[in-house]
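Structural characterization, general
Below, each chain spelled out in residue letters.
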Amino acid sequence: MTEQPKVYPVEEDFAANAWANNETYLSLYQRSVDDPEGFWAEQAESLDWFKAPTKIKNTSFAASNVDIRWFEDGELNAAYNCLDRHLETRGDQPAIIWEGDDPGQDKTITYRELHAEVCRLSNALKEMGVTKGDTVTLYMPMIPEASVAMLACARIGAIHSVVFGGFSPDALAQRVVDAQSRVVITADESVRGGKHVPLKDNVDAAMTRDGTDIVDKVLVVRRTGGDIEWHDDRDVWYHEWVERQSSECPAEKMNAEDALFILYTSGSTGRPKGLKHTTGGYLLYAALTHRYVFDYHEGEVYWCSADVGWVTGHSYIVYGPLANGATTLMFEGVPSYPSHGRLGEIIDKHQVSILYTSPTAIRALMAHGEDIMDSSQRDSLRVLGSVGEPINPEAWSWFHRVIGSSRCPIVDTWWQTETGGIMITPLPGATDLKPGSATRPFFGVRPALLDNEGNVLEGATSGNLVILDSWPGQARTIWNDHERFVQTYFSPYEGVYFTGDGCRRDEDGYYWITGRIDDVLNVSGHRMGTAEIESSLVAHSAVAEAAVVGYPHDIKGQGIYIYVTLGDDVEPSEELRKELTQWVRKDIGPIATPDVIQWAPGLPKTRSGKIMRRILRKIAANECEGLGDTSTLADPSVVDELIEHRANR
Ligand code: 6R9
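Every residue gets a number counted from 1 within its own chain, in the order that chain's sequence is written. Two thresholds apply to this predicted model, a pLDDT of at least 70 for residue-level local features and 80 or more for giving and counting side-chain atom pairs, whereas whole-chain, interface and lining totals are computed over all residues. As a rule here, side-chain values cover all heavy atoms of the structure and leave hydrogens and water aside.

1. Observations concerning the side chain of Arg-378
Helix and strand definitions here come from DSSP, where helices need a minimum of 4 consecutive H or I residues and strands a minimum of 2 consecutive E residues; each element is numbered from the N-terminal end. Residue placement: Arg-378 occurs in the loop between α14 (359–366) and β19 (383–387). Within the buried set, Arg-378 has no salt-bridge partner at all; the shortest N-O distance to an opposite charge, 6.0 Å, is to Asp-348. A polar contact of 3.0 Å, which involves the side chain of Arg-378, links it to the backbone oxygen of Val-402. In this analysis, two residues are considered to be in contact whenever any of their non-hydrogen atoms come within 4.5 Å of each other. Setting aside its immediate chain neighbours within four residues, Arg-378 contacts Gly-344, Ile-347, Asp-348, Met-373, Val-402, Ile-403, Ser-405 and Arg-407. Each residue is placed in one exposure class: buried if its accessible area under a 1.4 Å probe, protein chains only, is under 20% of its type's maximum, exposed if it is over 50%, and partly exposed if it falls in between. Residues counted as positive are Lys and Arg, residues counted as negative are Asp and Glu, and His and the chain ends are not counted. By salt bridge we mean one thing: a side-chain nitrogen of Lys or Arg within 4 Å of a carboxyl oxygen of Asp or Glu. Here a polar contact is taken to be a pair of N or O atoms separated by no more than 3.5 Å, where protein atoms must pair a possible hydrogen donor with a possible acceptor and residues adjacent in sequence count only if both atoms sit in side chains.

2. So, the site of the ligand
Any residue with at least one heavy atom within 4 Å of a molecule or strand is counted as near it. Around the ligand sit 17 residues in total, of which Asp-412, Thr-413, Thr-417, Asp-501 and Arg-527 are the nearest. At 3.1 Å from a nitrogen atom of the ligand is found a main-chain nitrogen or oxygen belonging to Gly-388. The separation between a nitrogen atom of the ligand and a polar main-chain atom of Pro-390 is 3.4 Å. Computed by Shrake-Rupley with a 1.4 Å probe, the accessible areas treat only the displayed protein chains as cover when residues are assessed. Across the complex, the protein chains shield 96% of the 530 Å² of accessible surface that the ligand would expose by itself. Every element with two or more residues in the shell around the ligand is listed here: α12 (311–323), β20 (410–413) and β26 (511–516). Basically, the charged four are Asp, Glu, Lys and Arg, the nonpolar ten are Ala, Val, Leu, Ile, Met, Phe, Trp, Tyr, Cys and Pro, and anything else, Gly included, counts as polar. Of the residues assigned to the shell around the ligand, the class counts are six nonpolar, six polar and five charged.

3. What about the UniProt feature "binding site: Mg(2+)" (unreviewed entry) in the chain?
UniProt positions are given in the numbering used here, feature names are shortened, and annotations may be inferred rather than shown by experiment. Sites flagged by UniProt as "binding site: Mg(2+)" (unreviewed entry) map to Val-538, His-540 and Val-543. Its relative accessible area of 40% is what places Val-538 among the partly exposed residues. Beyond its immediate sequence surroundings of up to four residues, Val-538 is in contact with Val-543, Ala-544, Glu-545 and Ala-546. Summarising the element assignment, His-540 is placed in the loop between α17 (530–538) and β29 (543–553). In this view, His-540 contacts Leu-576, Glu-579, Leu-580 and Trp-583; residues no more than four positions away in its chain are not counted.

4. A few points about the sheet that holds strand β21 (residues 447–450)
Read from one edge to the other, the open sheet built from five strands follows the order β22-β21-β23-β25-β26, with strand pairing classed as antiparallel. Looking at strand neighbours, the two that pair on one side only are β22 (456–457) and β26, the edges of this open sheet. Two strands form a pair only when DSSP identifies at least two bridges running between them. Relative to strand β23 (residues 461–467), β21 runs antiparallel, the two sharing four bridges. Bridge pairing in β23 places Leu-449 opposite Leu-465.

5. Overview of the sheet that holds strand β15 (residues 273–278)
In spatial order, the strands read β12-β11-β8-β6-β7-β14-β15-β24; together these eight strands make up an open sheet with mixed pairing. Taken across any chain shown, the strands that pair with only one partner, and hence form the sheet edges, are β12 (235–237) and β24 (477–478). Here strand β6 (residues 135–139) runs beside strand β8 (residues 183–187); their pairing, made up of four bridges, is parallel. In the strand pairing of β8, Leu-138 is matched with Ile-185.

6. Concerning unusual backbone geometry
Following Tyr-337, the chain continues to Pro-338 via a peptide bond in cis, the omega torsion being -5 degrees. For Pro-338, the location among the structural elements is in the loop between β17 (327–331) and α13 (342–350). Unlike most non-glycine residues, Asp-295 shows phi in positive territory, near 50 degrees. Of the residues examined, Asp-295 reaches a relative accessible area of 1% and is grouped as buried. In the Ramachandran plot, Ser-524 falls in the positive-phi region, its phi being about 50 degrees despite a non-glycine side chain. For Ser-524, the position within the fold is in the loop between β27 (520–523) and β28 (526–529).

7. Here's the deal with the UniProt feature "domain: AMP-binding enzyme C-terminal" (unreviewed entry) in the chain
This chain's UniProt record puts "domain: AMP-binding enzyme C-terminal" (unreviewed entry) on residues 532–610. In this annotation, residues 532–610 is assigned 28% helix and 32% strand; the end-to-end C-alpha distance for the span is 17 Å.

8. A closer look at the pairing of β27
The two faces of β27 match: Val-520 and Asn-522 on one face and Leu-521 and Val-523 on the other face are all buried. When β27 meets β28, the two strands line up antiparallel, connected through four bridges. When the bridges of β28 are listed, Leu-521 appears paired with Met-528. Taken together, β27 and the strand that follows it, β28, pair antiparallel across an intervening segment of two residues, in which Ser-524 is found at a positive phi of about 50 degrees.

9. Quick notes on the nonpolar core
If you look at the biggest cluster of nonpolar residues, it comprises 159 residues, and the most contacted ones within it are Leu-114, Leu-121, Leu-125, Leu-151, Tyr-319, Phe-443 and Ile-533. Apart from residues lying up to four places away in sequence, Ile-533 is in contact with Leu-521, Met-528, Val-548, Ile-560, Ile-562, Val-584 and Ile-588. Core analysis: the next-biggest nonpolar cluster, separate from the first, contains 27 residues, Ile-362, Leu-365, Leu-381 and Leu-384 among them. For this analysis, a nonpolar core means a set of buried residues of the types Ala, Val, Leu, Ile, Met, Phe, Trp, Tyr and Cys, connected via side-chain atoms within 4.5 Å.

10. Brief notes about the pattern of salt bridges
Counting across every chain of the model gives 36 salt bridges. Among the ionic pairs, Asp-519 bridges to Arg-613, the shortest N-O distance being 3.5 Å. Taken as a pair, Asp-519 in the loop between β26 and β27 and Arg-613 in helix α19 (residues 613–620) lie far apart in primary sequence, 94 residues in all. Shared partners join several salt bridges into a network, and the residues in it are Glu-99, Asp-106, Arg-342 and Lys-349.

11. Focus on the packing of aromatic side chains
Aromatic contacts are taken between Phe, Tyr and Trp rings whose centres are within 6.5 Å, Trp giving its six-membered ring; a plane angle under 30 degrees counts as stacked, one over 60 as edge-to-face, and the others as tilted. A complete count under the given rule lists 36 aromatic pairs for this structure. Centroid distance Phe-442 to Phe-443: 4.7 Å. Interplanar angle 40 degrees. Geometry classified as tilted. The same class applies to Phe-442 as to Phe-443, namely buried. Each member of the aromatic cluster is reached from another via a ring pair, and the members are Trp-19, Tyr-25, Tyr-29, Phe-39, Trp-40, Trp-49, Trp-70, Phe-71, Tyr-285, Tyr-292, Phe-442 and Phe-443. A ring has a charge above it when a Lys NZ or an Arg CZ is no more than 6 Å from the ring centre and no more than 35 degrees off the ring normal. Its end group placed over the ring of Trp-98, Lys-107 keeps NZ or CZ at 6.0 Å from the ring centre. For the cation-ring pair, Lys-253 lies above Phe-50, with the distance from its terminal atom to the ring centre recorded as 5.7 Å.

12. Points about helix α18 (residues 574–588)
What a helix is expected to span follows from its residue count: subtract one and scale by 1.5 Å. With 15 residues, α18 extends 22 Å between its outermost C-alpha atoms, agreeing within 8% with the 21 Å of an ideal straight helix rising 1.5 Å per residue. Those residues of α18 that fall on the buried side of the exposure criterion are Leu-576, Leu-580, Thr-581, Val-584 and Ile-588. The arc enclosing the buried residues of α18, seen along the axis, measures out at 140 degrees, which places them on a common side. Counted as exposed and oriented over 90 degrees from the buried face of α18: Glu-575, Lys-578 and Lys-586. Residues of α18 that are buried sit in contact with α8 (169–179), α17, β29, β30 (557–566) and β31 (596–599). The directions from the helix axis to the C-beta atoms are what the arc is built from.

In structure tokens:
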């Protein structure tokens with residue numbers, strides 16, 4: 001028998017004051033799946049609508065007709081819901097607390113100030129000719145202007161596309177072109193861990209790539225005052241354009257199904273996909289999950305340590321917390337700078353009640369020992385959250401014991417860029433916790449496990465995780481490519497949404513996400529397609545062929561392991577290894593930096609020429625026993641060669 005995991009029961013005191021205890025959870029959940037229309041119609045009343053919706057749910061997952069609409073005749077504005085409606089009751093309450101990379105720098109922005117600043121930028125964007133339905137690309141540091149820019153777009157009905165500031169000029173250019181943005185908002189430089197990153201230079205480089213001549217304005221926030229090149233015809237200073245604008249700007253009436261934003265994410269094949277999220281369903285789902293999952297109460301300081309460039313930053317730094325009138329902390333830097341105690345020090349300094357972070361951040365801290373938390377008390381903490389990848393029980397326990405002083409429940413939240421908000425998660429006043437399990441579905445979410453033939457599996461078992469019916473927060477399509485949306489998510493199994501994740505369900509009905517079952521890597525919580533890295537490598541003249549797999553990595557969760565077959569007359573060398581490492585870094589961005597490169601005279605392929613990644617993954621993980629059936633390989637001897645020279649010892 002396998003050992004039963006330790007269970008952390010809900011504390012009674014906590015349950016008594018929480019938005020939901022177990023009974024509330026069970027009854028609301030039941031209601032949400034028995035009567036989705038009734039449940040969501042009621043929940044929708046928590047938003048302010050210019051025109052309240054009368055049609056609630058109109059969704060089809062049939063591959064022949066994937067069509068997802070929520071609240072389709074409703075009208076509202078996301079920025080109005082995040083700002084204007086709070087002015088009367090909490091205009092002077094902090095909306096954003098910004099903590100700079102340098103511990104000496106911080107800033108508090110009230111709801112009233114944020115509203116005024118968003119209106120000014122909205123007016124500036126209008127002056128540039130941005131109108132409803134246009135896209136604006138944001139390539140920003142973790143500074144309040146990033147949230148301001150998102151909300152300003154939302155206010156005037158423009159669609160933002162935030163590109164993570166760690167991406168390369170090529171990656172940025174690709175996304176600008178796909179979204180056809182005429183305006184890019186950036187900063188001179190970003191600052192992380194004391195180092196400056198040349199954002200504006202990267203934008204300049206991106207603007208030399210094919211197709212980016214559609215960009216006619218680059219709006220630049222002065223963050224550091226560092227040296228940058230200036231193109232008079234295109235570049236404008238944020239402060240110059242924004243300062244002179246009026247601090248009033250009407251919020252555009254948007255249909256609930258009008259696009260709010262596009263966000264690019266990696267899939268198993270091809271170019272990054274721009275997931276399209278719409279206004280009503282997304283905002284409601286982000287707000288509701290934020291309130292229940294973190295048990296957010298009025299006046300608390302809430303901190304999500306993600307970057308606004310990822311979906312976690314969209315839903316849980318900006319839209320969810322601000323729609324709920326919360327105080328959201330935004331941190332520019334990294335938890336290990338200037339010392340490893342920084343995370344705890346920020347918690348004390350701003351009296352943070354709720355901390356939402358990632359397993360990779362916890363493991364990185366863990367590696368430095370518990371003493372790093374001696375410089376802080378952290379007694380303001382009440383709830384801890386984890387997202388991005390499976391959290392291993394050791395990291396869970398460390399998070400609970402060392403950061404949370406064994407007092408705070410941990411919500412391990414499973415979700416995706418595609419889902420818009422949290423899908424499988426404990427509620428801290430309702431759910432007994434098991435380290436490593438994301439536990440139970442959120443309201444309205446109907447998970448199921450399927451075998452490879454698409455049969456629904458019952459009871460305690462493992463399978464492919466799918467969601468049986470629509471929820472308001474889900475992405476509606478892939479920008480410019482609905483066919484790909486259907487192919488990726490609704491064709492693998494008919495009539496359901498396919499997540500790409502494997503999952504186990506235990507005897508208590510708890511879900512345990514086991515990780516991606518497609519060719520998507522999850523490195524430090526960042527999603528990356530193996531195909532993207534491979535195509536970058538083969539673009540190098542020395543490389544004939546490359547195969548990329550993930551392997552277990554103590555801190556990053558997964559590391560990037562690359563097998564490279566060189567061109568005929570190219571000799572392997574340490575210099576070439578370094579060159580290829582830099583090549584990928586430069587091409588995609590630092591998050592894609594290879595951990596291991598192994599020279600591979602040949603790759604294991606089937607007779608039809610398919611690379612057998614299963615075998616490459618095993619060799620990379622140093623699990624060379626039991627490679628399974630290799631008899632279908634065109635040349636089984638290449639496997640012995642690869643094992644003999646494996647690089648991860
Ligand atoms: C929000 C976000 C999505 C993929 C997802 C899964 C993994 C996220 C997880 C988790 C286990 C969790 N993932 N949260 N795996 N437990 N709590 O991360 O979105 O960047 O699109 O990644 O991340 O594999 O499919 P995104």
